Amino acid sequence: MAKKIVHKDIVIIGAGMAGLTAALYAGRMNLDTLVLESGLIGGQIANAVSIENYPGFESVSGGELIGILQRQAEKFGAVIDEFDTIEKVSLKSTPKIVETEEHIYECDVVIIASGMNRRKLPLPEEKTFAGRGVHYCEMCDGHMYQNKVIAVMGGGNAALDAANFLTKYAEKIYIIHRSQFRADEVTQQRVKKNPKIEIMLQTEIKKLNGKGRLQSVDILDKNSGKLQNIAVDGIFVNIGVEPNTQLFKDELKLSDSGRIIAGEDCCTEIEGVFAAGDVREKKIRQLTTAAADGTTAALLAEKYLSKLKG
Ligand SMILES: Cc1cc2nc3c(=O)[nH]c(=O)nc-3n(C[C@H](O)[C@H](O)[C@H](O)COP(=O)(O)OP(=O)(O)OC[C@H]3O[C@@H](n4cnc5c(N)ncnc54)[C@H](O)[C@@H]3O)c2cc1C
């Protein structure tokens, strides 16, 4: 069956915090706005149990926060489509093309808000303990571990920075890493000097244990081949992230970490193409910064469209 050709002012790729915020703003400016989502509406935060650092909410679940935002965006006319997978994009053409399984969307603006996925702990028990002792965001969940014993898994800068950050809460922190650290020398020295941190190189987590929530981990010492059990209240997994940029790698400049290069104005090197949220190369990746990017991208998209249409 031939694909249906449809024109839109703006196509937003991804319905996480950044994409939905952009949709809310774009819809409210009467722009014909479509959001395409390949997974769960809400993205990374969709299943979070309690968010305590989103302004205006003392504590809110990811589902509740995203539900409100989705309703707000839809109230202003944005359409969210979860079931039509994007096959390819052509961002440099006029109009820009976003081709899905069922449609060919022609549009003047594309806002890429496809976020990223954190690499999950590759153990079958991960699902049981996710949010109940297994965490991926130290800034989000670190405060739950006041005076507790925790582990950080990973050996890059991000993992070591996370361990340093978590010492403000935890009584003791193990850093568990399967080989030698890859972090820069200054960061390594900082963790080595920190009395709360115990470094365990050449070790691997083999099993997570606990009733209802994490209580201990079985760790393999790769040199001796011995397994040991260590009591921990939580682990923070920091073994890398995968930005969702596969679709765009032939069209846009990506940073070394695979994110889209765009400034604080979210403008990419292609006019009318914006990158918002965690998919953009930037230092802080939080809900508030994703919402800020969504806002910026939509408002500047409107200015671009007004100029284009004269
Ligand atoms: C477990 C966890 C807890 C966190 N807790 C907090 C917290 O308490 N406070 C805080 O401020 N931050 C928290 N964060 C960080 C926060 O979730 C992110 O910074 C924020 O969600 C980023 O939003 P985003 O819209 O940029 O990207 P994402 O949330 O990653 O959303 C991107 C969306 O795009 C979709 N997508 C990807 N590729 C495609 C494609 N090809 N086509 C269509 N759709 C696509 C994805 O399915 C996803 O829905 C947490 C992160 C995690 C992982």
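Residues numbered from 1 in each chain as written. Predicted model: local features only at pLDDT ≥ 70, side-chain atom pairs only at ≥ 80, totals over all residues.

Visitor: Mind showing me how you'd approach the overall build of the protein here?
Guide: A count of helices and strands for the protein gives 7 helices and 17 strands. Relative to the compact-globule value of 19 Å for 310 residues, the protein shows a C-alpha radius of gyration of 22 Å, a close match. The principal-axis extents of the C-alpha atoms in the protein amount to approximately 70 × 40 × 35 Å. Relative to its 310 residues, the protein shows a buried fraction of 40%. In the protein, 60% of the contacts between residues at least 6 apart in sequence involve partners at least 24 apart. (Helix = DSSP H or I, 4+ residues; strand = E, 2+ residues; numbered from the N terminus. Rg over C-alpha atoms; globule rule 2.2 N^0.38 Å. Buried ≥ 20, exposed ≤ 12 C-beta atoms within 10 Å, placed from the backbone. Contact = placed C-beta atoms within 7 Å.)

Visitor: Please clarify how the domain arrangement of the protein should be interpreted in this entry.
Guide: What the domain assignment lists for the protein is domain 1 (4–117 + 241–309) and domain 2 (120–237). Summarising the inter-unit geometry, the C-alpha centres of domain 1 and domain 2 are found 33 Å apart. (Domains from an automatic or database assignment.)

Visitor: Is there a simple way to explain the pairing of strand β5 (residues 96–100) in this structure?
Guide: Looking down a regular strand, the side chains alternate between one sheet face and the other. Burial of β5 is one-sided: the residues K96, V98 and T100 facing one way are buried, the residues I97 and E99 facing the other way are not. As defined by bridge partners, strand β4 (residues 86–90) adjoins β5 across 4 bridges and the pair is classed as antiparallel. When the sheet's bridge partners are listed, V89 is paired in β5 with V98. Linking β4 back to β5 in an antiparallel pair, the connection comprises 5 residues. Pairing geometry for β5 and strand β6 (residues 103–112), over 4 bridges, is antiparallel. Paired with K96 across the bridge in β6 is C107. The hairpin turn running from β5 into β6, its antiparallel successor, is 2 residues long. (Pairing = 2+ DSSP bridges.)

Visitor: Teacher, can you tell me more about the sheet that holds strand β8 (residues 134–135) here?
Guide: Read across the open sheet, the 5 strands follow the order β8-β15-β9-β10-β11; overall the sheet is parallel. A strand with exactly one partner marks an edge of an open sheet, and here the two such strands are β8 and β11 (197–200).

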